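Architecture at a glance
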Amino acid sequence: MICAEGLRKRYAATEALRGIDLDVPAGTVCGLVGPNGAGKTTTVRILATLLRPDGGRAEVAGLDVVRDAARLRFRIGLAGQHAAVDELLTGRRNLELFGRLYHLSRARARSRAEELLERFGLAAAGRRLVRTYSGGMRRRLDLAASLIVAPPVLFMDEPTAGLDPRSRRELWDALRDLVREGTTLLLTTQYLDEADHLADQVVVLREGRVAAAGSPGELKRQVGGDRVQIVFRHPGDAAAALGALGPMSGPTSGPTSAPTSGPTSGLAFEPGGTRVTLPAPDGAQSLVRVARALDVAGIAVEDLALRRPTLDEVFLHLTA
Ligand code: ATP
C-alpha cells in the first residue's frame, strides 16, 4: 500500500534523505523511528504529497506521490506533529470545516462530523471551543479530522507526543480499531514502546538512511537473547552464586569492572557487587533453574527477573 524506492531529499546543505526504501503491506502498521533529524518527518511529508523528492519514487495506494498527487490526497489522511485544528472553533465546526475542504456537501460534512465525534468520544464536547480541550482531546479531534474521507492510508507524525499515559493508550486503541478495519498506518514516533505496541514493521532511520527494518521481535533478536538478572541481598554473593550456578552461567566474558548497560548475551557481573546478568537461552525455564539453584545454595536475592531485549536497546545499538 506504501512503497518507496531510493527516496532522496536535500534542503540546501542538508541531505535529509539519502535513499529510503519502504514497503508497507495493506492493513498493517509501519513505525518509523530514529533520532532527531534522521528524516522521519521528511519521509512522511513526501509520502503525503506535501514535499517533492529530489530522487527516487514512491507510490501510495497505487498512485505516484508526485504525478498523481492531487488524486492521492483524497485517499490519504495526515495528522502532523501539531494538531491542525482551529482553537477558536468548536470541535464539531472544525470537523465540518475539514469536510467542506474535502468537497463534502454541507449535510454530508455535518453527518460525518457527528459520526467522528461519536467515534472518538468527543460527542459531549462537540459544542465546546477547542481551546478548552485537553491535549488528548485535541489529538483525538485531529485524528478525526484526518479521517473525514475514510482514507485507506493514514500518516501520523508523532501522534502521541506530549500525551499522558491514559490518553496515549486511548489513542492506540483508536488506531488499532482503524487498522483492524483495514486502514494502513504509517507513523513516526520517539516512543519505542509505541512502535512495539502498534507496529507490525519497525523501520529505524539514521542520517537519512534505513539502518534496520523488521518486526519488533526480529529487531530485538538482533541485539541479543533473553537474560536473567539477579540482584543479591548481600554484596559479594555474586561469586558464591556463580559457583552454585556452575555451567548455567554460560559463556563467561569474565568479571567486568562496570555493570552492563548495553545488549549482551553473555555473563556480566561486578566482583564484590550485588548484580549478575546471565544468558537465558531457555527463557523462563532458565529463570526457574537459576531460582532453584540459588535456593538450594541458600543465597538470598533481592530481585530476580527475566529481561528481554527492548526496542530501546535496539535503538541505542543501531543509532549509537
Ligand atoms: P525529529 O525527530 O526531530 O522530528 P526527523 O527525523 O523528523 O526529526 P526531519 O524533520 O525529516 O527529521 O529532518 C531531517 C533533516 O533535514 C534535519 O537535519 C533537519 O534539520 C533538516 N530539515 C528538515 N526540514 C528542513 C527545512 N525546511 N529546511 C532545511 N532543513 C530542513
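Relevant structure appears above.
Residues numbered from 1 in each chain as written. Predicted model: local features only at pLDDT ≥ 70, side-chain atom pairs only at ≥ 80, totals over all residues. Heavy atoms only, no water.

Quick look at the overall build of the protein
Helix and strand counts for the protein stand at 11 helices and 14 strands. Looking at the protein as a whole, 48% of its 320 residues qualify as buried. When contacts within the protein are restricted to residue pairs at least 6 apart in sequence, those whose partners lie at least 24 apart make up 68%. Of the roughly 15300 Å² of accessible surface on the protein, a fraction of 50% belongs to carbon and sulfur atoms. Treating the 42 positive side-chain charges of the protein as one cloud and the 37 negative ones as another, the clouds have centres 6 Å apart. (Helix = DSSP H or I, 4+ residues; strand = E, 2+ residues; numbered from the N terminus. Buried < 20%, exposed > 50% of the residue type's maximum accessible area, 1.4 Å probe, protein only. Contact = heavy atoms within 4.5 Å. Areas by Shrake-Rupley, 256 points an atom, 1.4 Å probe, with all protein chains shown as cover. Lys, Arg positive; Asp, Glu negative; His and termini not counted. Charge placed at Lys NZ, Arg CZ, Asp CG, Glu CD.)

Let's talk about the site of the ligand
The local shell around the ligand holds 14 residues, among which Gly37, Lys40, Thr41, Thr42 and Gln190 are the closest. Between the ligand and glycine 39, the relevant distance is 2.9 Å, taken from an oxygen atom to a main-chain nitrogen or oxygen of the residue. Here lysine 40 contributes a side-chain N or O atom positioned 2.8 Å from an oxygen atom of the ligand. The set of elements that each furnish at least two residues to the shell around the ligand consists of strand 2 (14-24) and helix 1 (40-47). Per element, the largest residue contribution to the shell around the ligand is 3 residues, and it comes from helix 1. The residue inventory of the shell around the ligand, partitioned by class, reads 4 nonpolar, 8 polar and 2 charged. (Near = heavy atom within 4 Å. Polar contact = N/O pair within 3.5 Å; in protein donor to acceptor, adjacent residues only side chain to side chain. Nonpolar A, V, L, I, M, F, W, Y, C, P; charged D, E, K, R; others polar.)

What about the nonpolar core?
In terms of nonpolar packing, the biggest core is built from 47 residues, with Leu95 and Leu143 touching the most fellow members. The residues touching leucine 143, leaving out its near neighbours within four places in the chain, are Phe120, Leu154, Met156, Leu171, Ala174, Leu175 and Leu178. One finds Ile2, Leu7, Leu47 and Val203 within the second-largest nonpolar core, a separate group that totals 27 residues. (Core = buried A, V, L, I, M, F, W, Y, C linked by side-chain atoms within 4.5 Å.)

Concerning the sheet that holds strand 14 (residues 301-307)
Either a parallel or an antiparallel arrangement is found when strands of a sheet pair, and the pairing is made through backbone hydrogen bonds. Spatially, 4 strands are ordered 12-13-11-14 in an open sheet, and the strand pairing comes out antiparallel. The strands lining the two open edges of the sheet, one partner per strand, are strand 12 (268-269) and strand 14. Bridge count between strand 12 and strand 13 (residues 275-279): 2 bridges; the pairing is antiparallel. Bridging from a neighbouring strand, phenylalanine 269 pairs with valine 276 of strand 13. In the packing of helix 10 (residues 284-296) onto the sheet, the strands contacted are strand 11 (227-232), strand 13 and strand 14, and the crossing angle to strand 14 comes to about 160°. (Pairing = 2+ DSSP bridges. Axes fitted to C-alpha atoms, helices over the stretch in contact; angles between N-to-C directions.)

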